[in-house]
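Coordinates in review
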Amino acid sequence: MTDMSQWITFILVGLGTFAIRLSFIEFYGALRIPPLLRRALVYVPASVLAALVLPAVMFQSGQAAIDWSNPQIPAAVVAGLVAWRTRSTLLTLAVGMGVLWGLRHWGF
């Protein structure tokens with residue numbers, strides 16, 4: 001692939017992304033969303049977050065495994081419990097990172 005075709009690809013992908021995002025802004029309120037879809041859309045942010053976080057927690061050294069010697073797994077479990085009980089984003093981040101750093105410091 002030549003340098004010019006790479007730039008054209010980047011520009012087209014950027015324009016496509018911009019068009020998709022702009023369409024949601026422009027058509028907001030103009031389109032009727034069915035109630036079932038509206039209820040389902042409530043869960044999109046949580047599922048996207050899980051899709052981003054889970055591979056980062058589970059894949060250590062390129063291998064997917066539930067290995068309790070991986071300090072990220074117990075830290076994620078503790079952070080999940082804190083999030084569930086307190087619903088505080090900052091407290092969840094602080095406790096999760098504190099547990100992770102503590103486990104790594106003590107050579108877990």
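Above this text sits the structure in question.
Heads up: these notes are all about the structure in this document.

Rules used in this analysis
- Residues numbered from 1 in each chain as written.
- Predicted model: local features only at pLDDT ≥ 70, side-chain atom pairs only at ≥ 80, totals over all residues.
- Heavy atoms only, no water.
- Phe/Tyr/Trp six-rings, centres within 6.5 Å; stacked < 30°, edge-to-face > 60°.
- Helix = DSSP H or I, 4+ residues; strand = E, 2+ residues; numbered from the N terminus.
- Buried < 20%, exposed > 50% of the residue type's maximum accessible area, 1.4 Å probe, protein only.
- Patch = residues over 30% accessible without salt bridge, like charges linked within 9 Å, V, L, I, M, F, W, Y side chains within 5 Å.
- Areas by Shrake-Rupley, 256 points an atom, 1.4 Å probe, with all protein chains shown as cover.
- Salt bridge = Lys/Arg side-chain N within 4 Å of Asp/Glu carboxyl O.
- Axes fitted to C-alpha atoms, helices over the stretch in contact; angles between N-to-C directions.
- Parallel < 35°, antiparallel > 145°, perpendicular 65-115°, else oblique.
- Left-handed = near helix turned anticlockwise from the far one by under 90°.
- Contact = heavy atoms within 4.5 Å.
- Nonpolar A, V, L, I, M, F, W, Y, C, P; charged D, E, K, R; others polar.

Remarks on the packing of aromatic side chains
- For the coordinates displayed, the defined rule picks out one aromatic pair.
- Both rings, one in Trp7 and one in Phe10, keep their centres 6.1 Å apart while their planes meet at 90°; by these two values the pair is edge-to-face. Of this pair, Trp7 and Phe10 both sit in helix H1 (residues 3-26), three residues apart, which is roughly one turn of the helix.
- Under the relative-accessibility criterion, Trp7 is labelled exposed at 56%.

Some words on the environment of Glu26
- Considering the arrangement of structural elements, one finds Glu26 in helix H1.
- For the pair Glu26 and Pro45, spaced 19 residues apart in sequence, the C-alpha separation works out to 21 Å.

Re a nonpolar patch on the surface
- On the surface, a nonpolar cluster with roughly 680 Å² of combined accessible area is contributed by Ile33, Leu37, Leu41, Val44, Val48, Leu49, Leu52 and Val53.
- At the level of secondary structure, the elements contributing two or more residues to the nonpolar patch comprise helix H2 (35-41) and helix H3 (44-58).
- No other element matches H3, which puts five residues into the nonpolar patch.

Section: the environment of Val42
- Structurally, the position occupied by Val42 is in the loop between H2 and H3.
- Val42 sits in the exposed class, given a relative accessible area of 57%.
- In this structure, the C-alpha to C-alpha distance between Val42 and Phe27, residues 15 residues apart in sequence, is 19 Å.

Comments concerning the packing of helix H4 (residues 72-86) against helix H5 (residues 89-105)
- Between H4 and H5, whose axes approach to 8 Å, the crossing angle comes to 155°. Relative to H5, H4 is oriented roughly antiparallel. The two elements H4 and H5 cross, and the hand of that crossing is right-handed. Here Gln72, Pro74, Ala75, Val78, Ala79, Val82, Ala83 and Thr86 of H4 come into contact with H5, specifically with Leu91, Thr92, Val95, Gly96, Val99, Leu100, Leu103 and Arg104.
- Its residues assigned to classes, the contact of H4 with H5 shows 11 nonpolar, four polar and one charged.

Some remarks on unusual backbone geometry
- Phi is positive for Arg87, close to 60°, though the residue is something other than glycine.
- Along the polypeptide, Arg87 turns up in the loop between H4 and H5.

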